[in-house]
Amino acid sequence: MGRFRVAITDSDYGSHEVEEEVLSSIGADLIKFQCRTEDDVIRCCSDADGLLNQYAPITRRVIEGLQKAKIIVRYGVGVDNVDVDAATEKGIFVANVIYDVTDVADHALSLILSLVRKIVWADRNVKENKWDWKAVQPISRLKDKTVGIIGFGRIGRKVAQRLRGFEVKIVAYDPYAPRETFREYGVEKVDFEALIKESDIITIHTPLTNETRHMIGEKELKSMKREAIIVNVSRGGIIDEKALCKALKERWIAGAGLDVLEEEPPAKDNPLLRLDNVIITPHMAWYSNRSLDEIRRKAAEEVARALSGQIPVNLVNKDVLKKLNL
Ligand code: NAD
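All of these numbers come straight from a predicted model, not from anything done at the bench.

J.: I tried to follow the overall build of the chain on my own but got confused; where do I start?
T.: Along the chain, the regular secondary structure elements total 13 helices and 12 strands. Computed over the C-alpha atoms, the radius of gyration of the chain is 21 Å, within 12% of the 20 Å expected from 2.2 N^0.38 for a compact globule of 326 residues. C-alpha extents for the chain along the principal axes are approximately 65 × 50 × 35 Å. Here the chain, with 326 residues, has 52% of them falling under the buried criterion. Nonlocal contacts in the chain, meaning residues at least 24 apart in sequence, comprise 63% of its contacts between residues at least 6 apart. Roughly 16,200 Å² of accessible area belongs to the chain as shown, and the carbon and sulfur atoms make up 50% of that amount. Looking at charge distribution, the chain has the averaged site of its 50 positive side-chain charges lying 3 Å from that of its 51 negative ones.

Here it is as structure tokens:
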């Protein structure tokens, strides 16, 4: 038996040698679960010293049930499934993993290009013996289009860098990013309404918060151009999926590229799965062989730090330091 017990609440990574290697250096045992619900996490993880978490809900009730946890680490950037305030009140560190988000930006670009160039539909046609470029008409040229980036943080900025070579106009909406950042990246800072109305392509890169939940709803989808496309590699909850379905069905907009959904994996009868003007990937924007290794290592290192009496490097709830008199 190790000195500590570290629980993986859930993970679809397959193997965890990286975490095991890091955590064995502090004498911690790693116990793996596949929790889906609050009750699963409470049942499996309440006696853990540290939690590594992918998607399982770490709600207030879960946190109140943790008997000795010092740290909760989210495998990734978003912490929308963790009740950060409850953890702060209980004196538990919450850390996320800041990794090289190049792959996420590349994925957003892939969805944009696939939609604009109609790659998926052309490929399907060819495999059905339809060798005819006219079958995917019309395709309008990407050059000179306006791309609107919502959320101009790490990923939004990398998307802007990548878009530059395509000779598009780039506008962005982010009320919290410094004005100089927009200038530095050659991007025009616009307000939300202008971005929605003027963009030919909208790409979403904000965290999911109370403010951003359903920030794209019926009103916004109706205000977008009819030829516009929308790409979301951030979190499903930012787009009201019911409204998006209606918009795609009734052609208020031309198409959507989604790496994230409100419910993941989607229910078999999710109507989005039956629409022909949407491309969906299974929450994989973060993934490349390099990022998979980096995320697991960094997450385990945060747990090791906290259990060795150090402060995590990517502490999300800085207020917890006051609570812990650190
Ligand atoms: P970041 O913190 O660097 O950037 C987020 C930006 O969003 C910040 O500049 C912030 O000011 C802005 N923002 C916050 N609230 C806003 C609002 N109401 N309106 C407009 N902008 C707002 O984060 P990041 O590393 O760029 O990641 C962004 C999100 O992408 C993460 O929170 C995560 O949910 C998601 N993500 C998804 C994947 C994936 O695999 N699909 C991978 C990594 C990250």
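Once you've had a look at it, read on.
J.: Would you explain the packing of aromatic side chains in this entry?
T.: The relation between two aromatic rings is expressed through the spacing of the ring centres and the mutual angle of the planes. In the structure shown here, the tally under the stated rule is six aromatic pairs. With centroids separated by 5.7 Å and ring planes inclined at 85 degrees, the aromatic side chains of Phe152 and Tyr185 adopt a geometry described as edge-to-face. Placement of Phe152 in the loop between β6 (146-150) and α7 (154-163) and of Tyr185 in the loop between α8 (179-184) and β8 (188-189) is noted, with a sequence separation of 33 residues between them. Note on Phe152: relative accessible area 1%, which makes it buried. Residue classification places Tyr185 among the buried residues on the basis of a relative accessible area of 16%. Look at Tyr173 and Phe192: their rings are 5.3 Å apart centre to centre, the planes differ by 45 degrees, and that puts the pair in the tilted class.

J.: Would you take a moment to explain the sheet that holds strand β11 (residues 255-258) for this structure?
T.: Across a sheet, paired strands are connected by hydrogen bonds in the backbone, their directions being either parallel or antiparallel. Spatially, the seven strands line up as an open sheet ordered β8-β7-β6-β9-β10-β11-β12, and their pairing is parallel. Two strands close off the open sheet at either side, each with one partner strand: β8 and β12 (278-280). Taken together, the three bridges between β11 and β12 define a ladder with parallel strand orientation. The residue bridging Gly257 from the neighbouring strand is Ile279, located in β12. Along the sheet face, α7 touches β6, β7 (169-173) and β9 (201-204) and points at about 165 degrees away from the line of β6.

J.: Explanation requested: the domain arrangement of the chain in the structure shown.
T.: It is common to give the size of an interface as the accessible area that goes away when the parts come together. As assigned here, the chain comprises domain 1 (4-99 + 288-323) and domain 2 (102-280). Placing a centre on the C-alpha atoms of domain 1 and another on those of domain 2 gives a separation of 31 Å. At the interface, eight residues of domain 1 touch five residues of domain 2. For Asp80, the salt bridge identified is with Arg235, shortest N-O distance 2.9 Å. Linking domain 1 with domain 2 are two residue pairs in polar contact (both at pLDDT 80 or more). Per-class residue counts for the side of domain 1 that touches domain 2 are three nonpolar, three polar and two charged.

J.: Help me understand the site of the ligand, please; the structure alone is not making it clear to me.
T.: Lining the immediate surroundings of the ligand are 27 residues, of which Arg154, Ile155, Asp174, Val233 and Trp286 lie closest. Ile155 places a polar main-chain atom, nitrogen or oxygen, 2.9 Å from an oxygen atom of the ligand. Residue Val233 places a main-chain N or O atom 2.8 Å away from a nitrogen atom belonging to the ligand. About the coverage of the ligand: the protein hides 89% of its 870 Å² of free accessible area. Partitioning the shell around the ligand into residue classes produces 14 nonpolar, eight polar and five charged.

J.: Can you help me understand helix α12 (residues 289-307) in this one?
T.: Because an α-helix completes one turn every 3.6 residues, residues spaced three or four positions apart along the sequence face the same direction. Compared with an ideal rise of 1.5 Å per residue, which puts 19 residues at 27 Å, α12 spans 28 Å between its outermost C-alpha atoms and is within 8% of the ideal. Within the sequence span of α12, burial applies to Ser291, Leu292, Ile295, Arg296, Ala299, Ala300, Glu302, Val303, Ala304, Ala306 and Leu307. In this structure, the buried residues of α12 make contact with β1 (4-8), α1 (17-24), β3 (50-53), β4 (71-74), β5 (93-95) and α5 (102-117). Positive phi shows up at Gly309, right after α12, with a value of about 85 degrees.

J.: Before we go on, may I ask you to explain the nonpolar core in this structure?
T.: Note on soluble globular proteins: their nonpolar side chains tend to be buried together. Counting residues in each nonpolar core, the largest one holds 61 residues, and the members touching the most others are Leu23, Leu52 and Phe152. Counting the residues that make up this core, at least three belong to each of domain 1 (4-99 + 288-323) and domain 2 (102-280). Formed by 31 residues, the second largest nonpolar core is a distinct cluster that contains Ile150, Leu195, Met224 and Leu261.

J.: When you look at the confidence of the model for the chain in this model, what are you seeing that I'm missing?
T.: Detailed reading of the predicted model is not advised wherever pLDDT is low. Per-residue pLDDT for the chain has a mean of 97; in total, 100% of the residues score no lower than 70. Of all the helices and strands in the chain, α1 carries the lowest mean pLDDT, 96, while β6 carries the highest, 99.

Quick notes on the rules
Residues numbered from 1 in each chain as written. Predicted model: local features only at pLDDT ≥ 70, side-chain atom pairs only at ≥ 80, totals over all residues. Heavy atoms only, no water. Helix = DSSP H or I, 4+ residues; strand = E, 2+ residues; numbered from the N terminus. Rg over C-alpha atoms; globule rule 2.2 N^0.38 Å. Buried < 20%, exposed > 50% of the residue type's maximum accessible area, 1.4 Å probe, protein only. Contact = heavy atoms within 4.5 Å. Areas by Shrake-Rupley, 256 points an atom, 1.4 Å probe, with all protein chains shown as cover. Lys, Arg positive; Asp, Glu negative; His and termini not counted. Charge placed at Lys NZ, Arg CZ, Asp CG, Glu CD. Phe/Tyr/Trp six-rings, centres within 6.5 Å; stacked < 30°, edge-to-face > 60°. Pairing = 2+ DSSP bridges. Axes fitted to C-alpha atoms, helices over the stretch in contact; angles between N-to-C directions. Domains from an automatic or database assignment. Salt bridge = Lys/Arg side-chain N within 4 Å of Asp/Glu carboxyl O. Polar contact = N/O pair within 3.5 Å; in protein donor to acceptor, adjacent residues only side chain to side chain. Nonpolar A, V, L, I, M, F, W, Y, C, P; charged D, E, K, R; others polar. Near = heavy atom within 4 Å. Expected span 1.5 Å × (residues − 1). Core = buried A, V, L, I, M, F, W, Y, C linked by side-chain atoms within 4.5 Å. pLDDT = per-residue confidence, 0-100.

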